[in-house]
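# Summary of the model geometry
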Amino acid sequence: MIENAHSMIREIKEYAKKENIPIMLDDGINFLTNFILKNKITTILEVGTAIGYSAIRMALASPNLKIVTIERDEERYLVALKNIKKFNLEKRITLIFNDALDVSLDEKFDLIFLDGAKGKNIDFLEHFEKNLAEGGFFITDNINFHGYVQKEETEIKSRNLKGLVRKIKRYIDYLKDSDKYTTEFYEVGDGIAVTSKKEVG
């Protein structure tokens with residue numbers, strides 16, 4: 001790991017907290033980096049860069065890793081660029097400034113990490129399933145959405161939040177009912193789903 005990496009990571013986390021930018025919780029990112037190492041993942045597509053925290057943490061975990069990451073918010077994209085540069089990871093992390101659903105890629109990825117707009121997870125999965133390598137995985141973060149997914153709808157006051165939680169629940173049902181995919185749900189971080197294609201035959 002590069003010198004000062006720990007203090008630089010801490011700075012990113014402090015910035016995220018100050019600016020109210022959601023980043024992965026510690027046990028969530030630890031789960032993700034361990035998963036990458038255990039499954040010998042070498043290529044990742046990330047939907048939702050934010051300020052580059054998870055992409056940087058993934059890249060630091062495995063020196064052979066190449067990441068393509070997509071962010072649609074210009075301010076966050078520019079901060080992510082700066083952060084990636086600080087870690088000298090520009091050769092291993094490719095940042096795309098666009099709405100993920102407008103991005104068309106030809107390459108295949110061992111892991112597609114969905115961490116963008118929570119209400120669009122079904123769209124993201126369907127849009128990028130052609131980019132999933134044989135034996136690859138989708139990983140989705142924030143499946144519990146700060147505990148709201150477990151709450152009764154009547155307990156949620158905000159209409160927007162209610163709508164968002166409904167979409168996340170629909171995504172969970174979509175994964176559970178899928179003929180194509182099998183999914184395991186993990187109670188780590190803010191809830192993580194690991195999805196892979198079902199064996200044929």
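Now for a quick tour of the structure. Numbering of residues starts from 1 in each chain and follows the order in which that chain's sequence is written. Since the coordinates come from a predicted model, pLDDT governs what is reported: local features require at least 70, and pairs of side-chain atoms require 80 or more to be given and counted, while whole-chain, interface and lining totals use all residues. Heavy atoms throughout the structure, all of them, feed into the side-chain values; hydrogens and water do not.

### Digging into the pattern of salt bridges
Short version of the rule: Each reported salt bridge corresponds to a side-chain nitrogen of Lys or Arg within 4 Å of a carboxyl oxygen of Asp or Glu. Secondary structure elements are taken from DSSP: a helix is a run of H or I of four residues or more, a strand is a run of E of two residues or more, and numbering for both begins at the N terminus. Summary of the burial criterion: residues with accessible area below 20% of their type's maximum are buried, those above 50% are exposed, and those between are partly exposed, where the area comes from a 1.4 Å probe applied to protein chains only.
If you walk through the whole model with that rule in mind, you get 6 salt bridges. The partner of aspartate 99 in a salt bridge is arginine 72, and the shortest N-O contact between them spans 3.6 Å. Highlighted residues: aspartate 99 in the loop between strand 3 (93–97) and strand 4 (109–114) and arginine 72 in the loop between strand 2 (66–71) and helix 4 (74–86), separated in sequence by 27 residues. The partner of aspartate 115 in a salt bridge is lysine 118, and the shortest N-O contact between them spans 2.8 Å. With relative accessibility at 17%, the residue aspartate 115 sits in the buried group. Exposure remark for lysine 118: the relative accessible area of 12% places this residue in the buried category. Because the salt bridges share partners, they merge into one network encompassing Arg72, Asp99 and Lys120.

### Let's talk about the layout of surface pockets
Note the cut-off: A cavity, in this analysis, means grid points on a 1 Å lattice covering only the protein atoms where a 1.4 Å probe fits yet has no way out; a pocket is instead an open set bounded by protein on both sides within 12 Å along at least five of seven lines, and a residue lines either one if it has an atom within 4 Å of a point. Grid points are joined across faces, edges and corners, and a volume is the space filled by probe spheres set on the points. All amino acids are sorted into three groups, where Ala, Val, Leu, Ile, Met, Phe, Trp, Tyr, Cys and Pro are nonpolar, Asp, Glu, Lys and Arg are charged, and the leftover types, Gly among them, are polar.
Taken as a whole, the largest pocket spans an internal volume of roughly 710 Å³. Within the residue set of the lining of the largest pocket, elements represented by two or more residues are helix 1 (5–18), helix 2 (26–38) and strand 2. Class assignment of the residues belonging to the lining of the largest pocket gives a composition of 13 nonpolar, 7 polar and 13 charged. Of all elements in the fold, only strand 5 (132–140) and strand 7 (192–197) reach the threshold of two or more residues within the lining of the second largest pocket. The dominant element in the lining of the second largest pocket, judged by the number of residues it contributes, is strand 5, at 5 residues. Residues of the lining of the second largest pocket, tallied by class, amount to 3 nonpolar, 3 polar and 4 charged.

### Notes on the packing of helix 1 against helix 3 (residues 53–61)
The line we're drawing: Lines are fitted to the C-alpha atoms to define the axes, a helix being fitted only along its stretch in contact, and any angle between axes, read from their N-to-C directions, falls within 0 to 180 degrees. Convention used here: angles under 35 degrees read as roughly parallel, angles over 145 as roughly antiparallel, angles from 65 to 115 as roughly perpendicular, and any remaining angle as oblique. Note on convention: the crossing is left-handed when the near helix lies turned anticlockwise from the far helix by less than a right angle, right-handed when the turn is clockwise. A contact between two residues is defined here by any heavy atoms of the two lying within 4.5 Å.
The geometry of helix 1 relative to helix 3 is characterised by a closest axis approach of 11 Å and an angle of 160 degrees between their N-to-C directions. Put simply, helix 1 runs roughly antiparallel to helix 3. Remark: the crossing between helix 1 and helix 3 carries left-handed chirality. From helix 1, Ile9, Ile12 and Lys13 reach across to helix 3, where they touch Tyr53, Ile56, Arg57 and Leu60. Among the residues forming the contact of helix 1 with helix 3, the class breakdown is 5 nonpolar, no polar and 2 charged.

### A look at unusual backbone geometry
Even without being a glycine, alanine 50 presents a positive backbone phi close to 55 degrees. Within the secondary structure, alanine 50 is located in the loop between strand 1 (43–47) and helix 3. Unusually for a residue other than glycine, asparagine 142 sits at a positive phi of about 65 degrees. Considering the arrangement of structural elements, one finds asparagine 142 in the loop between strand 5 and helix 6 (159–177). The buried category is assigned to asparagine 142, whose relative accessible area is 13%.

Coordinates in, geometry out; function isn't part of it.
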